[in-house]
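# Descriptive analysis of the structure
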Amino acid sequence: MLPTTSTTTITSDPGILCFHHCNVKVFCFTLPHTCPHCTAPLYADADADTDTDANANTNADPNAELDKAVGPRLLPFRLPYPFVRATQHPCAIVLRPSTGDFLNDYNNATDLHIAVTTSGGDIVEFDRIGLRRHRRDDNPAEWRQSLLVGDVPEPWHDFWDEVLQQICAQSVRWSIASYEEETHNCYAFVLAFLQALGHAPLSEAARSKTAFCEQCIVPRTTTAGKYISLYRKLRRSGVYVHRQHPKSRTKPNRRPTSSSGSLGSTNSYSSDVASKGYSGGGVAGLGVRTRPTLCTIEE
């Protein structure tokens, strides 16, 4: 099945803003005139305080002014956008949903597709259609909203291209006939390339499918999952108020140890990932019996 994109696909930063006020965090696309939580106006006269004699209320409660404040406690800031255009990142490993895009279409059951970029920004990928190369100038739509999994510094660029060319030259290995959805797919292609590259720490992690997923993919998809969930809440309501709860001092329960004294078997990766709160969206063909899940999208 060829990749598809939603008619409302956002391929650039939608501009999520955040500010603190009355002990809550407010997220929005456009700054409101009043606080959605306490309804106080947010644009008070900034010069009012400067015209007041600083020595007039020396005995006043220092917290009183904070209670009266109507402006944000901190200046609004823009949340970092976690996605990139793959063609703008040379010599990188990039990731996208197998179908659709992250912001609009990604869900907890969506498989992911992984590829490699060259020093010139071309995208090289392997799937059921075989080995393909997309020129940077073509700017393929399906790769305009990707996650940057990893890259290398400029001194490595020539060697990166050389190794990639050697891997791609193995035409039989990466033919349409050799493709197998679970074991010989896009993930196998990227790992084979990274293992041949010999660049630490990418190549070291690539020695194991689960290690690469845990060390390089899960951290990116976790961040992306939080952003996606927040974006969809804002798309529905325009404003989202996050109430900050005091941290609990209760000590967490320890995981029971096995009779051998270890924290579990060597095959407990999937349960470890689940305990960290990642669910849904596996990399297609990871090649383990229970595929580790990557992140939770709150609908």
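Predicted model, so just to flag it, every value in this text is computed and none were measured. (Residues numbered from 1 in each chain as written. Predicted model: local features only at pLDDT ≥ 70, side-chain atom pairs only at ≥ 80, totals over all residues. Heavy atoms only, no water.)

## Thoughts on the overall build of the protein chain
What counts is decided by this rule: Going along the chain from the N terminus, every DSSP run of H or I of four or more residues is numbered as a helix, and every run of E of two or more is numbered as a strand. Any two residues having at least one pair of non-hydrogen atoms within 4.5 Å are treated as being in contact. Accessibility throughout is a Shrake-Rupley quantity obtained with a 1.4 Å probe, and a residue counts as covered only by protein chains that appear here.
What the protein chain contains, in helices and strands, is seven helices and nine strands. A separation of at least 24 residues holds for 67% of the contacts in the protein chain among residues at least 6 apart in sequence. Accessible area of the protein chain: about 17000 Å², with a carbon and sulfur share of 50%.

## Let's talk about unusual backbone geometry
For the record, the criterion: Relative accessible area decides the class of each residue, using a 1.4 Å probe on protein chains only: under 20% of the type maximum gives buried, over 50% gives exposed, and in between gives partly exposed.
In this structure, Pro 201 follows Ala 200 across a cis peptide bond, with omega equal to 5°. Located in the positive-phi region is Cys 22, a residue other than glycine, with phi close to 45°. Structurally, Cys 22 can be placed in the loop between β1 (17-21) and β2 (24-28). Even without being a glycine, Asn 23 presents a positive backbone phi close to 65°. Within the secondary structure, Asn 23 is located in the loop between β1 and β2. With relative accessibility at 55%, the residue Asn 23 sits in the exposed group.

## Here we look at helix α3 (residues 157-168)
Stated formally: One less than the residue count of a helix, multiplied by 1.5 Å, gives the span that helix is expected to have. Note that the arc is defined by the directions from the helix axis to the C-beta atoms.
The end-to-end C-alpha distance of α3 is 16 Å, a good match for the 16 Å that twelve residues give at a rise of 1.5 Å each. Within α3, burial applies to His 157, Trp 160, Val 163, Leu 164 and Ile 167. Taken around the axis of α3, the buried residues stretch over an arc of 125°, which confines them to a single face. Along α3, exposed side chains directed more than 90 degrees from the buried face belong to Asp 158 and Gln 165. Where α3 is buried, its residues contact β4 (92-97), β5 (112-117), β6 (123-127) and α4 (186-197).

## Focus: the state of the cysteines
Just so we agree on the cut-off: For this text, the term disulfide refers to a pair of cysteine sulfurs within 2.5 Å.
Taken as a whole and assessed by the stated rule, the structure comprises zero disulfides. Distance from the sulfur of Cys 28, which forms no disulfide, to the nearest cysteine sulfur (Cys 18) is 8.1 Å. Classification of Cys 28 by relative accessible area gives buried; the value is 0%.

## Looking at the pattern of salt bridges
The condition is simple: Salt bridges are identified by distance alone: a Lys or Arg side-chain nitrogen within 4 Å of an Asp or Glu carboxyl oxygen.
Scanning the entire structure with this criterion turns up six salt bridges. Between Asp 122 and Arg 135 there is a salt bridge, with its nearest N and O atoms 3.0 Å apart. Here Asp 122, found in the loop between β5 and β6, pairs with Arg 135, found in the loop between β7 (130-134) and β8 (147-151); they are 13 residues apart in sequence, far enough to count as distant. Its relative accessible area of 8% is what places Asp 122 among the buried residues. According to the relative accessible area criterion, Arg 135 is partly exposed, its value standing at 48%.

## Side note on the side chain of Thr 117
Cut-off, in case you're wondering: Whenever two N or O atoms come within 3.5 Å, that pair is a polar contact, provided that in protein one can donate a hydrogen and the other can accept it, and provided that, for residues adjacent in sequence, both atoms are side-chain atoms.
On the secondary structure map, Thr 117 appears in strand β5. By relative accessible area, which is 0% here, Thr 117 ends up buried. Engagement of the side chain of Thr 117 in a polar contact is seen with the backbone nitrogen of Cys 91, the distance being 3.1 Å. In contact with Thr 117, not counting residues within four places along its chain, are Ala 86, His 89, Pro 90, Cys 91, Ala 92, Val 94, Asp 122, Ile 123 and Trp 160.

## Quick look at the environment of Ala 92
Tracing the backbone shows Ala 92 in strand β4. In the structure, Ala 92 is positioned 25 residues away from Thr 117 in sequence and 5.3 Å away in space, judged by C-alpha atoms. Residues in contact with Ala 92, not counting those within four places in the same chain, are Ala 115, Val 116, Thr 117, Leu 148, Gly 150, Asp 151 and Trp 160.

In short, shape yes, function no, at least from these values alone.
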